[in-house]
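Chain by chain, the residues:
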Amino acid sequence: EEIQRETAYPDGKVEKVLKNGCHLIFFPNGTWKKVGSDGKTVTITFFNGDVKQVMPDQTVIYYYADAKTTHTTYSDGLEVLHFSNGQIEKHYPDGKKEITFPDQTIKNLFTDGQEESIFPDGTIVRIQRDGSKTIEFNNGQRELHTSQFKRREYPDGTVKTVYVNGQQETKYISGRVRVKDKDGNIIMDTKL
């Protein structure tokens with residue numbers, strides 16, 4: 001690019017105005033700034049290798065050189081972080097966060113404290129504010145974990161519950177109910 005004008009300032013800063021309208025400003029510490037000919041596109045390359053770009057729509061893209069991480073902030077408030085390991089985080093203006101891990105597991109963190117994880121095999125885990133957990137497996141089975149019990153529901157309608165005291169209860173679709181104590185001994189079985 002051809003230089004139209006160059007100015008050296010007492011503080012060591014040097015400004016170059018190019019014929020295409022771009023401004024380049026070089027700072028003594030090695031940082032430099034480029035203002036596009038539109039006056040709206042700004043790129044700052046810092047002495048440590050970090051790069052900050054401000055786009056005409058006010059989107060800010062910041063690249064952290066040491067961490068190899070890009071942090072993009074959009075004008076609507078959405079922030080997206082791309083990490084070097086492939087992890088992507090989206091931070092929404094309402095406080096919700098969505099994390100996509102390198103294995104493509106997606107974790108949603110909601111503002112009310114609930115969490116949801118969607119695994120590549122289709123398994124979905126939801127955690128409520130009270131700590132209870134629901135797991136939906138891709139084979140149609142479902143589990144509910146609370147502070148009092150763990151319950152698995154099978155596609156055929158069978159429901160098996162294990163209580164904190166170790167007691168197990170199995171309810172079959174036929175109406176049969178079998179209860180075992182913590183040691184596995186049958187204490188009730190309503191064979192129909």
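Residues numbered from 1 in each chain as written. Predicted model: local features only at pLDDT ≥ 70, side-chain atom pairs only at ≥ 80, totals over all residues. Heavy atoms only, no water.

Participant: So what exactly am I meant to see when it comes to the packing of aromatic side chains here?
Facilitator: By convention here, two paired aromatic rings are described through the distance between centres and the angle between planes. Applying the stated criterion to the full structure yields four aromatic pairs. Summarising the aromatic geometry, the rings of Phe26 and Trp32 are spaced 5.9 Å apart at their centres and angled 20° between planes, so their arrangement reads as stacked. Measuring from ring centre to ring centre gives 6.3 Å for Phe149 and Tyr163, while their planes differ by 65°; the resulting arrangement is edge-to-face. With Phe149 in strand S17 (residues 149-153) and Tyr163 in strand S18 (residues 159-163), the pair connects residues that are 14 residues apart, well separated along the chain. (Phe/Tyr/Trp six-rings, centres within 6.5 Å; stacked < 30°, edge-to-face > 60°. Helix = DSSP H or I, 4+ residues; strand = E, 2+ residues; numbered from the N terminus.)

Participant: How should the environment of Lys107 be read in this particular structure?
Facilitator: Turning to its location among the elements, Lys107 is positioned in strand S12 (residues 106-109). Taking the C-alpha atoms as reference, Lys107 lies 9.4 Å from Glu89; in sequence the two are 18 residues apart. Residues contacting Lys107, with those up to four places away along its chain left out, are Lys97, Glu98, Ile99, Phe101, Glu115, Glu116 and Ser117. (Contact = heavy atoms within 4.5 Å.)

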